[in-house]
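These are the residues of each chain, in order.
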Amino acid sequence: MLSADQTHDVFARIQKLSSADDVEAIIAGGRSALTRFAKNTIHQNVAEEGYVISIRVALEGKTARATTNRLDEESLKRAVQSAEQIARVQERDPDLLPAPSPAEAGIESPVERHFGMTAAIKPEDRAAAVEQIVSVAKQHKQTAAGIYSSSETMEALLNSRGLAKIHRQTSSEISITMLADDSSGWQKANSPNAANLNPKRLAEIAADKASQSARPREVPPGKYTVILEPAAVLDLLGFMFFDFGGTALLEQRSFLNNRVGTRLFGENITIYDDAYHLLQSGATFDGEGVARRRVTLVEKGVARGLVFSRATARKMQNSDLAPQLGKITPTGHGFPLPNEIGDAPMNIVVQGGNGGAKSVDEMIKSTERGILVTRLWYIREVDPYEKILTGMTRDGTFLVGNGKLQGGVRNFRFNQSLIDMLQNVEMLGGSVRASGEESFDMVVPAMKVNNFNFTELTKF
């Protein structure tokens, strides 16, 4: 992996090649590998190492970016020239700010997200984990499919004003689907530290779900009490967090327009963005190199905070919305310039029940009639302002009756407002790092929710 000295050397060469007012480079890459299995057999193992150098220049109020995946002098020269040529034909951007200095960008708190054990994972190690997974599948007379991936990566941002930020991280991920004759089960986990992954335990949970949901019955659609496991929670909630960016509010495309400072959800819902949380991952600086701040987004059901890039913060300070928002400052949540998104929180933590946290088993025992949902898929937004989503359950949907699982049910399609859902949360579990398929990883609890709206049955 590129060392700090090599990273600085690459940027020094880029600077010499450019005559722009500001020069910025994002250098990202590293080593990644993936083992894929299906039908209880490994059928693919791939690995790669590579880097992408993304160069942004600013010329007389205009900016543009060009990229290359080669580090030789000629490739860097072509990328710099391309960025400058594109910038010259752009319109001037009145909101473009000079690249931040080290003082303006701020200093991050230290985090440890690089683990030697994860960086050292070999194909044989992943194969041994898959062997454990397949062994569980065979014990249950099921078929396993999924992936085990591992990586060691770096991300650096340097600019001509002396800013230099470097983040190094490892990552490991296991996703398992267990297939039975007429049912399936699923589990997925991701962590910078592979020691936090337990492939055999994940396989056992997935296999149990497939076994217990065999011979699924038809249950009529309608409004049910649902117990959403953490993966289902994050895949739903992921559809609202881009609305917490200042740019979305300014452009009148956020469900928070005319709602900031109002109680939208139940008092048991508190959400914040915290890149320094022990269960989070990723860099602690944003796409301009600004240190990320912890921001409370929702406090006891009230929409409290937004996140801002540097340019958005300045625009918001001069807007008619400013009096509604209190103190407005950059929070370290901008994306690399130029972009159309502006800003968004990407390190979501939904506060769990704390001392009153309930396990999924306790939620089941407290439910007279309801549905347990392992995960969701194919989720799409129907109404962006009311945050109505549609999608389907999958890989472990169960009827709950008299405080016990009563067996598997055919999967449902749902149409559900997130706002209504978060007004009807009866119980919260403890917050855990969770992975889904429709959104980025978050730290979220399981939830027991009343009046969840299932509209129809699927064919499987």
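Anything mentioned here points back to the structure above.
Scoring rules and cut-offs
Residues numbered from 1 in each chain as written. Predicted model: local features only at pLDDT ≥ 70, side-chain atom pairs only at ≥ 80, totals over all residues. Heavy atoms only, no water. Core = buried A, V, L, I, M, F, W, Y, C linked by side-chain atoms within 4.5 Å. Buried < 20%, exposed > 50% of the residue type's maximum accessible area, 1.4 Å probe, protein only. Helix = DSSP H or I, 4+ residues; strand = E, 2+ residues; numbered from the N terminus. Contact = heavy atoms within 4.5 Å. Salt bridge = Lys/Arg side-chain N within 4 Å of Asp/Glu carboxyl O.

### A word on the nonpolar core
Judged by nonpolar contacts, the single largest core of 57 residues is most densely connected at Leu236, Leu237, Met240, Met421 and Met447. Here this core gets five residues from one element, more than from any other, and that element is helix H7 (residues 230-237). Once residues within four sequence positions are removed from consideration, Met240 is found in contact with Phe255, Phe265, Ile271, Lys387, Leu418 and Leu422. Core analysis: the second largest hydrophobic core is formed by 23 residues, Ala66, Val80, Ala156 and Leu158 among them.

### Considerations on the environment of Glu204
In this structure, Glu204 sits in helix H6 (residues 199-212). In this structure Glu204 comes out as partly exposed when scored by relative accessible area, which is 25%. Separated by 69 residues in the primary sequence, Glu204 and Ser135 have C-alpha atoms spaced 9.9 Å apart.

### As for the environment of Val302
With respect to the secondary-structure elements, Val302 resides in strand S10 (residues 302-303). Between the alpha carbons of Val302 and Ala195 there is a distance of 37 Å; along the sequence they are 107 residues apart. Residues contacting Val302, with those up to four places away along its chain left out, are Gly261, Thr262, Arg263 and Leu297.

### Quick word on the pattern of salt bridges
Enumeration according to the criterion identifies 31 salt bridges in this entry. In this structure, Arg310 and Glu104 form a salt bridge, with 3.0 Å as the shortest nitrogen-oxygen distance. A residue pair is termed long-range when its members are at least 10 positions apart, and Arg310 in helix H9 (residues 310-317) and Glu104 in helix H3 (residues 102-105) qualify at 206 residues. On the basis of relative accessibility, which here comes to 44%, the residue Glu104 falls in the partly exposed class.

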